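This is what each chain is made of:
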Amino acid sequence: MTAEPIAPEKLEAAVAHYRSVLAGAPDNGDAWSNLGVVLRKLGRNEEALAAFARGEAACPGHADLAYNHGNALRAAGDPAAAVTRFRCALDLQPDHLGAALNLNLTLTALGRFDAAVAVCRDALDRHPMQPGLHANLGVSLWRQGKIEAAIACYGRALALQPDAAQTRYNLGLALETIGDHMAAVAMLREARNLAPENADFATGLGQSLLSTGAVEPALALFEAVLRRIPDHLDARLGIARARLLSGDLGAAWDDYAWHRRRGLNPSPDLRSPAWDGGALEGRTLLVQAEQGMGDTIQFARYATQLAARGARVLLRCPKPLLGMMATIDGVAAVADQALPPPAHDLHVLMMDLPARFETTLATIPGRTPYLTPSPARKAGKPGAVLRVGITWAGSPNHQRDRQRSCALADFAPVFAVPGLDIVSLQAAPGRAQLGESPFGPLVRDAAGRIRTFDDTAALLTELDLVITVDTALAHLAGALGRPVWTVLSFAPDWRWLLGRSDTPWYPTMRLYRQAAPRDWSGVFGTIAADLARAARRHAGAAP
């Protein structure tokens, strides 16, 4: 139950009372602490900070005063100073629960996760049955990427406080992260039932419903949130994801553009006007890459259409992609995005191009290849064995890497197929599995030949097939027009749609989807069966 707010006149009377007390007893730490707290309630934050500072100077051994000073500093946007006051409170009173909880929260917000974890572990020695400490420890571990440990902490917290809606929400997000979508939906429903007006709980549930393929119930949740909070970012992005997954691309792009408000990608240093879809004849247009390497490869295809409208197209992207991007028909020049942009008239962010061209499923520019190995190489002549390149892991920094990446060992059914020459295209850190897995000796490691995407592209022309999880390699193979089988988690990225084994983005790509969350064995069993048939056909066609 929420406490009733205290009337302002009563708070002003409290201020007068504490000032009167301090006039006669300037070393009264309780009075200084209470005065600062009341001033904060009145919104007089500068006065509150001054009161806490004066109080600590007069009463340096008062733990609650240091604690409340820390809370005021944290609210004022000075977390580093708040840390010093919380630590002071704990030095004075090691079992001060509030100081431990808020020190943990502040350290976590500062990205000092090891220190935040240590604070909770020390406090739990004194307060082993305190649910807030278990929940806070879970958040710190989550931020460290230790998701399973975080799940255990949230479970402990809920065993002690089952009606903690925020902890149920946090647990639901963690379950979603490891791909346990059904359990995530159940947990997030419980969180929402405990706090039905919480918009974040509703959108979190909507995202997990989307992961199970329940598009319409998810859309209903997002739309309900937007009726109350029209600029709710997660609801906007949820609607975009739902519409993109279901193939309603034209209705999705406006909401998709809200992703920039997350601030996950640095804003480009471009001062030119943004292209609004108008005339381009005779203008130099700079196309700025966004997000990951795979996104750049996928959406760079629009450069050809921009050139067809009369633009001189400059494509600015990460340095490893420069060689590949220069081969796109219509690209006049490429530029390293780590360097200042070249002269241009207008710019467009790459992820805005589908919206500018009003792209629908029917109008995706799906002709491939639109990339060419540089220097161009021709595929080798067929041999008696099917040459198959494989990749099992993407960047561990990707927010969905736990779902999209698998292990080399998950390819076990593939290694049992005769008539294959299996080549690893895997980059670090996943490449280390070649030396750790018992299947390593069955794979030829080609990573030593790869320094740039140009090298990878040239290598792909020597292979008959690529089998990869959802990484930039899948996009590169598709853009080169090479046969590629892309292995998708149960909850795929929006671009792969739902329930399809093909994709309009890449005609030479086949999609293999998990039939159940976190079930790689089933999907690789299917791949192995199809690969065995392909190997037999290949052997029959070889000279």
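The following refers to the structure shown.

Procedures and definitions
- Residues numbered from 1 in each chain as written.
- Predicted model: local features only at pLDDT ≥ 70, side-chain atom pairs only at ≥ 80, totals over all residues.
- Heavy atoms only, no water.
- Axes fitted to C-alpha atoms, helices over the stretch in contact; angles between N-to-C directions.
- Helix = DSSP H or I, 4+ residues; strand = E, 2+ residues; numbered from the N terminus.
- Parallel < 35°, antiparallel > 145°, perpendicular 65-115°, else oblique.
- Left-handed = near helix turned anticlockwise from the far one by under 90°.
- Contact = heavy atoms within 4.5 Å.
- Pairing = 2+ DSSP bridges.
- Salt bridge = Lys/Arg side-chain N within 4 Å of Asp/Glu carboxyl O.
- Buried < 20%, exposed > 50% of the residue type's maximum accessible area, 1.4 Å probe, protein only.
- Phe/Tyr/Trp six-rings, centres within 6.5 Å; stacked < 30°, edge-to-face > 60°.

**Some words on the packing of helix 8 (residues 131–143) against helix 9 (residues 147–160)**
It is the contact of helix 8 with helix 9, at a shortest axis distance of 8 Å, that shows an interaxial angle of 165°. The angle between the axes of helix 8 and helix 9 places the two elements in the roughly antiparallel class. In this structure, the crossing between helix 8 and helix 9 has a hand that is left-handed. Note on element contacts: helix 9 touches helix 8 through Ile147, Ala149, Ala150, Cys153, Tyr154, Arg156, Ala157 and Leu160, opposite Pro131, His134, Ala135, Leu137, Gly138, Val139, Leu141 and Trp142.

**A short note on the sheet that holds strand 1 (residues 284–288)**
The strands that make up a sheet are held in pairs by hydrogen bonds between backbone atoms, and each pair lies either parallel or antiparallel. Strand order across the open sheet formed by four strands is 3-2-1-4, with parallel pairing between neighbours. If you trace the sheet from one side to the other, it starts and ends with strand 3 (331–336) and strand 4 (346–349), each paired once. With strand direction ignored, the average angle separating the axes of adjacent strands in the sheet is 25°. Bridging between strand 1 and strand 4 involves four bridges; their strand directions are parallel. Directly across from valine 287, in strand 4, lies its bridge partner valine 348.

**Examining the pattern of salt bridges**
Tallied over the entire structure, the rule returns 25 salt bridges. A salt bridge links arginine 495 to aspartate 493, with the nearest nitrogen and oxygen atoms 2.5 Å apart. The burial state of arginine 495 is the same as that of aspartate 493; both residues are buried. The shortest N-O distance in the salt bridge between aspartate 530 and arginine 533 comes to 2.4 Å. With aspartate 530 and arginine 533 both in helix 25 (residues 520–541) and three residues apart, this pair spans about one turn of that helix. Residue classification places aspartate 530 among the buried positions, given a relative accessible area of 15%. Three or more residues joined by partner-sharing salt bridges are found here, namely Glu12, Arg19, Arg44 and Glu47.

**With respect to the packing of aromatic side chains**
All chains considered together, the criterion is met by 13 aromatic pairs. For the ring pair tyrosine 67 and phenylalanine 86, a centre distance of 6.1 Å and an interplane angle of 45° mean the geometry is tilted. One end of the pair, tyrosine 67, is in helix 4 (residues 63–75); the other, phenylalanine 86, is in helix 5 (residues 79–92), and 19 residues separate them in sequence. Comparing tyrosine 67 with phenylalanine 86, the two get one shared label, buried. Relative to phenylalanine 524, the ring of phenylalanine 411 lies with its centre 4.5 Å away and its plane at 50°, an arrangement referred to as tilted. Residue phenylalanine 411 is found in the loop between helix 20 (401–404) and helix 21 (412–415), and its partner phenylalanine 524 is found in helix 25; the two are separated by 113 residues along the sequence. Of the two residues, phenylalanine 411 and phenylalanine 524, both sit in the buried class. Among the aromatic residues, those joined into a ring-pair cluster are Trp253, Tyr256, Phe299, Trp494 and Trp505.

**Focus on the environment of histidine 347**
In this fold, histidine 347 is placed in strand 4. Accessibility expressed as a relative area gives 10% for histidine 347, which makes it buried. Along the backbone, histidine 347 and glutamine 288 are 59 residues apart, and their C-alpha atoms lie at a distance of 7.2 Å. Discounting chain neighbours no more than four positions away, the residues touching histidine 347 are Leu270, Ser272, Pro273, Ala274, Trp275, Leu285 and Leu286.

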